[in-house]
Amino acid sequence: MNGLNVSGEVVTAGTALAGLILIYIGSLVTVYGGYGATEQKSVKLRFLARAWIVFVGFILALLSAALAVLGKWLNSPCTGDVSVWVLLAAFAWAVFATVQAIREIA
């Protein structure tokens, strides 16, 4: 299959996933902000680690969308294919970040 055939869907899925990840980062910031100044010092590293993990997924999601647009614009099947693989990596990373969050609770 040619990645150009699904470039529009990759753009939509990549930007939607990036939006969901931004919502998660926003909730992290809100919860972290709910701690007092002295409490924030003790939980900062944990929240920072979570934020960096999901930031990687955010970048992958946006990169997949950008590659899909670029592939469509340049009419490059290879770039379209790469955008699909990067989107799959972003989905996998989102699952990884979710499992990490669940492990912290358990």
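Just above, that's the structure.
Residues numbered from 1 in each chain as written. Predicted model: local features only at pLDDT ≥ 70, side-chain atom pairs only at ≥ 80, totals over all residues. Heavy atoms only, no water.

**Observations regarding the packing of helix 1 (residues 7-33) against helix 2 (residues 37-74)**
Stated formally: Axes here refer to lines fitted to C-alpha atoms; in helices the fit is confined to the stretch in contact. Angles between the N-to-C directions go from 0 to 180 degrees. Strands are runs of DSSP state E lasting at least 2 residues, helices are runs of H or I lasting at least 4, and numbering of each runs from the N terminus. Throughout, the term roughly parallel applies to angles under 35 degrees, roughly antiparallel to angles over 145, roughly perpendicular to angles from 65 to 115, and oblique to all others. Whether a crossing is left-handed or right-handed is set by the direction in which the near helix is turned from the far one by less than a right angle, anticlockwise for left-handed and clockwise for right-handed. Gly falls in the polar group here, along with every residue not listed as nonpolar (Ala, Val, Leu, Ile, Met, Phe, Trp, Tyr, Cys, Pro) or charged (Asp, Glu, Lys, Arg).
Relative to each other, helix 1 and helix 2 sit at 165°, their axes nearing to 8 Å. Judged by the angle between their axes, helix 1 and helix 2 are roughly antiparallel. Considering only the axes of helix 1 and helix 2, their crossing is left-handed. Residue classes in the contact of helix 1 with helix 2 are distributed as 21 nonpolar, 7 polar and 3 charged.

**Notes on the pattern of salt bridges**
We apply this condition: Criterion for a salt bridge: a side-chain nitrogen of Lys or Arg within 4 Å of a carboxyl oxygen of Asp or Glu.
Summed over the entire model, instances satisfying the criterion amount to 1 salt bridge. The shortest N-O distance in the salt bridge between Glu104 and Arg50 comes to 2.7 Å. Residue Glu104 is found in helix 3 (residues 77-105), and its partner Arg50 is found in helix 2; the two are separated by 54 residues along the sequence.

**Description of a nonpolar patch on the surface**
Threshold: Patch membership needs two things, relative accessible area over 30% and no salt bridge, and members are linked within 9 Å if like-charged or within 5 Å if nonpolar (Val, Leu, Ile, Met, Phe, Trp, Tyr). To measure how exposed things are, a 1.4 Å probe is used in the Shrake-Rupley method; for residues, cover is taken only from the protein chains shown. In this scheme, a residue with accessible area under 20% of its type's maximum is buried, one over 50% is exposed, and one in between is partly exposed, where area comes from a 1.4 Å probe on protein chains only.
Taken together, the side chains of Leu45, Leu48, Trp52, Phe55 and Ile59 present a nonpolar region at the surface, about 520 Å² in accessible area. Tracing the backbone shows Trp52 in helix 2. A relative accessible area of 53% means that Trp52 is categorised as exposed.

**Notes on the side chain of Thr79**
The criterion, for reference: Residues are treated as being in contact if the distance between any of their heavy atoms lies within 4.5 Å.
Summarising the element assignment, Thr79 is placed in helix 3. On the basis of relative accessible area, Thr79 is assigned to the buried category, the value being 18%. Leaving out residues up to four positions away in the same chain, Thr79 has contacts with Leu67, Leu70 and Gly71.

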